[in-house]
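Observations on the model geometry
Spelled out from the first residue to the last, the chains are:
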Amino acid sequence: MAALNILRRNEAAPEPGEQAEIRQFLTFQLVGETFAIGILRIREILEYVKPTSVPLMPPFIRGVMNLRGAVVPVIDLSLRFGREETGINRRTCIVIIEIEHEELWQLIGVLVDTVHEVLAIPDSEIEPPPQFGSKIRVDFISGMAKVDNRFVVLLDVDKVLSVGEMSLLSELSLQEEAQQE
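Quick notes on the rules
- Per chain, residues are indexed from 1 in the order of the written sequence.
- This being a predicted model, a pLDDT of at least 70 is required before a residue's local features are given, and a value of 80 or more before pairs of side-chain atoms are given or counted; all residues contribute to the totals for chains, interfaces and linings.
- Note: side-chain values were computed over all heavy atoms of the structure, leaving out hydrogens and water.
- Counting from the N terminus, the helices are the DSSP runs of H or I reaching at least four residues and the strands are the DSSP runs of E reaching at least two.
- Burial status follows relative accessibility: with a 1.4 Å probe on protein chains alone, a residue under 20% of its type maximum counts as buried, one over 50% as exposed, and anything between as partly exposed.
- Whether two residues touch is decided by their heavy atoms; if any such pair falls within 4.5 Å, the residues are in contact.
- Areas reported here follow the Shrake-Rupley algorithm with a probe of radius 1.4 Å; residue values treat only the protein chains shown as occluding.
- We call two strands paired when DSSP finds no fewer than two bridges between them.
- To obtain an axis, a line is fitted to C-alpha atoms, over the contacting stretch when the element is a helix, and the angle between two such axes runs from 0 to 180 degrees between their N-to-C directions.
- Within 6.5 Å between ring centres, the rings of Phe, Tyr and Trp (the latter by its six-membered ring) count as paired, and their orientation is classed by plane angle as stacked under 30 degrees, edge-to-face over 60, tilted in between.
- In the sections that follow, a salt bridge refers to a side-chain nitrogen of Lys or Arg positioned within 4 Å of a carboxyl oxygen of Asp or Glu.
- As a per-residue quantity, pLDDT reports the predictor's confidence and falls between 0 and 100.

Under an unreviewed UniProt entry, the protein has the name Chemotaxis protein CheW and belongs to Chromobacterium phragmitis.

Following this line, the structure appears as structure tokens:
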């Protein structure tokens, strides 16, 4: 896999005495759309390896993987967003993300179609999330970045990968299966 490049976009000059805040985001492709996650939450990017499936998990939890002795759950972001399952090809990656849960840091793998680049985006180029019309839950979006005359969806990983919410969904999935029997 090629190294990621940090690209600086045209920035508006800050007013005298004002410091423009620039944040870096890892961009990636998911079902034809570009999303981004703050680079400070990214631990590493791995080539796809088939995770070990775990019984009685919701469909968006594809399984677990061994990352240097640690058991890391692998989440299919496309399924988490209520879309189709991510197709596996040679560019499919697992992005390892750090999530804070009950004052502890936990690693979670996120399955994406392909990783693009790291972008440096000034806060002045970030708009608030839309209140409607998005193809994913509004609370999953922390903002919309304007990049090259298009928008990139900035994800709120604490909401998308909420361990508490995913545990609740797992329990609901178990209850549904029990009721169907």
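Further notes follow.
So, about the overall build of the protein. Along the backbone of the protein there are three helices and twelve strands. When each of the 181 residues of the protein is scored for burial, the buried share is 40%. Expressed as a percentage of contacts within the protein between residues at least 6 apart in sequence, the contacts between residues at least 24 apart total 59%. Working note: accessible area of the protein is about 10,700 Å², and carbon and sulfur atoms make up 50% of it.

Taken together, the five strands give an open sheet; going across it, the order is 4-7-8-6-5, and neighbouring strands pair in mixed fashion. At either margin of the open sheet sits one strand with a lone partner, and together these are strand 4 (42-47) and strand 5 (61-67). Taken over all neighbouring pairs, the strand axes of this sheet differ in orientation by 30° on average, direction set aside. Alignment of strand 6 (residues 70-76) against strand 8 (residues 104-112), held across three bridges, turns out to be parallel. Along strand 8, the bridge assignment pairs aspartate 76 with leucine 111.

The tally for this structure, following the rule as stated, stands at three aromatic pairs. Each ring, one from phenylalanine 35 and one from phenylalanine 81, has its centre 5.6 Å from the other, and the planes form 45°; the classification is tilted. With phenylalanine 35 in strand 3 (residues 33-38) and phenylalanine 81 in the loop between helix 1 (77-80) and strand 7 (93-101), this pair connects stretches of sequence that are 46 residues apart. We note that phenylalanine 35, like phenylalanine 81, is buried. Centroid distance phenylalanine 81 to phenylalanine 140: 5.8 Å. Interplanar angle 40°. Geometry classified as tilted. Remark: phenylalanine 140 occurs in the loop between strand 10 (126-127) and strand 11 (141-147) and phenylalanine 81 occurs in the loop between helix 1 and strand 7; sequence separation between them is 59 residues. Note on accessibility: phenylalanine 81 and phenylalanine 140 belong to one class, buried. Aromatic ring contacts, followed pair by pair, group Phe28, Phe35, Phe81 and Phe140 into a single cluster.

With respect to the helices, strands and loops of the structure, threonine 27 is situated in strand 2 (residues 22-30). Leaving out residues up to four positions away in the same chain, threonine 27 has contacts with Thr34, Phe35, Ala36, Val115, His116, Glu117, Leu119 and Val152.

What follows is about the pattern of salt bridges. Inspection of every chain in the model, using the stated rule, returns nine salt bridges. Taking the shortest distance from any N to any O, the salt bridge between arginine 62 and aspartate 76 comes out at 2.5 Å. Pair noted here: arginine 62 is in strand 5 and aspartate 76 is in strand 6, with a separation of 14 residues, a long-range link. Comparing arginine 62 with aspartate 76, the two get one shared label, buried. The residue lysine 159 makes a salt bridge to aspartate 156 at a minimum N-O spacing of 3.8 Å. Connected through salt bridges with shared partners, the residues Arg62, Asp76 and Glu85 form a single ionic network.

On to the environment of leucine 30. The residue leucine 30 is located in strand 2 in this model. You can call leucine 30 buried: its relative accessible area is 0%. With 53 residues separating them along the chain, leucine 30 and arginine 83 place their C-alpha atoms 10.0 Å apart. Filtering out sequence-adjacent residues up to four positions away, leucine 30 remains in contact with Phe35, Leu77, Ser78, Phe81, Arg83, Thr86, Leu111, Val112 and Asp113.

For the protein, the mean per-residue pLDDT works out to 80, and 76% of the residues sit at or above 70. A low-confidence stretch, residues 1-14 (pLDDT under 50), is modelled with 27 contacts involving residues beyond four sequence positions or located in other chains.

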